[in-house]
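So you can see what is in the structure, the chains are spelled out below.
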Amino acid sequence: MAVNASEMLSDAERLQFLVDALGDHAIITLDRAGFVVSWNYGAQRITGYRSGEIIGQHFSRLFPAEDRDGAAPGGILREAEAAGRVEHEGWRMRKDGGRFWASSVIEAICGERGEPIGFAEVARDLTERRAAQDALRDSERQFRLLIESVVDYAIYMLDPSGVVASWNAGAQRLEGYAAGEIVGQHVSRFYIKEDRAAGLPLRLLEVAAREGRCEAEGWRLRKDGSRFWALETISAIRGENGGLSGFAKVTRDITERRAAQDALRDSERRFRLLVAGVTDCALYMLDPNGIVTNWNAGAARITGYMAGEIVGQHFSRFYMERDRLAGRPARALYTAAEEGRFEAEGWRVRKDGSLFWASVAIDPIRDEHGTPIGFAEITRDITERRAAQLALQKARDERDRAQKMEALGELTGSVAHDFNNVLMIVSGYLETLTGLVGADPKGRRAAEAIALAVERGEALTRQLLTFARRQALNPVVVEIGERIEAVRAMLASSFGASVRLAADLPPDLWPVTADVSEFELALVNIALNARDAMPEGGLVTISAENAQLAPGEVGQDIAGEFVALTIADTGRGIPEDILPRVFDPFFTTKGSQGTGLGLSQVYGFACQSGGTVTIDSRLGAGTRITLYLPRAAALPALPAADPAVEAYGSGTALVVEDNPDVAEVTTGLLQQLGFRTHVAIDAPAALAAAARQSFDLLLSDIVMPGLMDGLGLARILRQRHPALPIVLVTGYSGSAAGSKEFALLRKPYRLADLNRAVARAIAETRPSAPANLVHLRDVRRGQPG
């Protein structure tokens, strides 16, 4: 007959198999002295010791050093022997030195006669359960500290029947009751007699239980019997199964808001703003390492993260990558911990990756012993406010720049006027010097060098006057496309082979009003700056478009219809600190290679033409300069040929000039033309001279001392002597800009220039020979002669 193997096992062997099968429990036996006698598989799995390593060893090896030093293992065995059984929880040691929290039961083992012979211990590893319990206790402790720190609100808990279950410092301050006096009392104690009689307290609890939340205002009672007007919120608290666990009640004293109707409305408005403001603020807590531990609705609205997505994550997630690499989140926590508060503004990142400008305040949170337990952070989205501040600052900068440029223009104009007089003297005497040196080679080279210096001085003065907006312009209607084509070949040749020029001009561009020569000079100045910014070569692009500008869109003082002409290069760009100064006169980054007046001329030309100029540049990304020129009211007229003029040189000329040296040069040039001269230093002296005798020519500087300038003098003499030829001389003058009343002669001038101006003035005042011809001056005025 066959016998089953299991039937051959003894009861002891079956028990050993059963014990070894329990892998989640350490089951061991000890002798009476505490030495290990048996060791199951569960004990090996939990502690790491195999049976051969631990049997025969004292079980105190499984206790940490502090317990062994305190004789805890021996005390546990004595207690088990005395009571027969002992339960114990505490730290135990694994073979690798790690600790685990163990729950163990030790029972005394007795012999057949009842004598103690050893112990049996059953132990379980409860480390994870204890960690979860500790985390829950810490969370509850942090929440309790947060609630208890609020002193302006009464925040407390009620059980489902309305009995007070907890009490914070704010409730004690508001109601007057200490926690020991009110916990266990019904919430109706705080209501006035009329409300209790009407059943208001229970009704509010019913509404909160049914709808989840209830708000109310009314009179409430303090401990001393005084009343205060309260705003209270009652929220239902439900357990995991949905059952009602109680209520959370928040009460605030708003008595002052009810003092008068106006005060009530203001207070209600402030409260609404406060409530609305809560959703505009991200309010959350961090642990000491910066891990988010709770999250409010305002934080979810601002950042886009729900609580489940962010709690447990490090708050550095809201920082930009470069700020995280620079260690700014850690510095913020360090500053808050060391100084008691951290405040800053900067870019933060939402869940969707978009940026917002945040105002951040971080305060440390400490427990009742002063130990840091975390941080409270308040974040506000102030992107719009920052944009408004930047716009205001930009407007202020533009105003300051306009004032600075105006002051520079006044100074530059005055310097240019005096410099023109100096050039006039040099140029005038150069005519005399050239005649004296004759054929002497050395003398002629000196005269030529002086003439070249005068020409360079004239060019500098012209640029200075353009910047100062005092250049005498001749504005005409201009087709931008035609003018660019006219200078395109010259610009391309000045660039060299390494720089390419491209133009993209739409055919429907509006005509503009501008001085042609100054416009072309501005193009050249911009193009040469672009060329110098591309020493290794590149591309210059000229483009244009019609633009309808609103007030303040580009400049503070321009609005309407303009043509925007943009010259862009692919050069090195301009540093941000230098960019605001590029239009200043004499400012240059080219050392001795430039005068610093090129872009100044562009600025002055654009402003004097009724437009403006803007510049946009970044290092390594090139530069864009845009000229805004006003749209012309008419189409461009066909150019008319200048009338042929003759030289006239007879009679007496009245010269009005306050500078004696310039007057001497002028009279010398007139005498070379055949005129006798009479000099007056100002307008009253000239009027007196004209009253005493008749003159054949008036040559007057426009800018003179006294109440009357040269233009006013010319108009008076024209009324008194309509046939008197008049030539006005100008270094700069705003009053004569665009005037076609009189012939204009720009300083410095030479003998040939003077001869042409005098001939033109005489030709315009000479009566026409045939009566059926039309006078040139009348043609310009649009009236038949």
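Note: the structure precedes this text.
Residues numbered from 1 in each chain as written. Predicted model: local features only at pLDDT ≥ 70, side-chain atom pairs only at ≥ 80, totals over all residues. Heavy atoms only, no water.

Can you explain the nonpolar core? Please cite residues and give values.
Counting 41 residues, the largest nonpolar core has Val-540, Leu-565 and Val-613 as its most contacted members. In terms of residue count, the dominant contributor to this core is helix α19 (residues 516-532) (seven residues). Other than its neighbours up to four places away in sequence, Val-613 contacts Phe-583, Val-602, Tyr-603, Ala-606, Ile-625, Thr-626 and Leu-627. Residues Val-164, Leu-174, Ala-208 and Ala-236 belong to the second largest nonpolar core, which totals 23 residues. (Core = buried A, V, L, I, M, F, W, Y, C linked by side-chain atoms within 4.5 Å. Buried < 20%, exposed > 50% of the residue type's maximum accessible area, 1.4 Å probe, protein only. Helix = DSSP H or I, 4+ residues; strand = E, 2+ residues; numbered from the N terminus. Contact = heavy atoms within 4.5 Å.)

So, the sheet that holds strand β23 (residues 676-680): which residues are in play, and what are the values?
Strand order in the open sheet formed by five strands is β23-β22-β24-β25-β26, and the pairing between neighbours is parallel. Only two strands of the sheet have a single neighbouring strand rather than two, namely β23 and β26 (743-746). Adjacent strand axes in the sheet meet at a mean angle of 20° when their direction is disregarded. With four bridges connecting them, strand β22 (residues 652-656) and strand β24 (residues 697-701) associate as parallel partners. Each residue of the ladder has a partner; that of Ala-653, found in β24, is Leu-697. In the packing of helix α21 (residues 660-672) onto the sheet, contacts are made with β22, β23 and β24, and the angle to β23 comes to roughly 160°. Where helix α22 (residues 683-692) meets the sheet, it contacts β22 and β23, and its direction lies at approximately 135° from that of β23. (Pairing = 2+ DSSP bridges. Axes fitted to C-alpha atoms, helices over the stretch in contact; angles between N-to-C directions.)

Any chance you could break down the pattern of salt bridges for me, citing the residues and the numbers?
Should the charged atoms of two oppositely charged side chains come close, the side chains can pair. Scanning the entire structure with this criterion turns up 24 salt bridges. The residue Arg-32 makes a salt bridge to Glu-81 at a minimum N-O spacing of 3.0 Å. Note that Arg-32 is positioned in the loop between β1 (26-31) and β2 (36-39) and Glu-81 in helix α5 (residues 72-83), a separation of 49 residues in sequence. Take Glu-81: its relative accessible area is 31%, and that puts it in the partly exposed class. Through salt bridges with shared partners, one network takes in Asp-195, Arg-220, Glu-232 and Lys-249. (Salt bridge = Lys/Arg side-chain N within 4 Å of Asp/Glu carboxyl O.)

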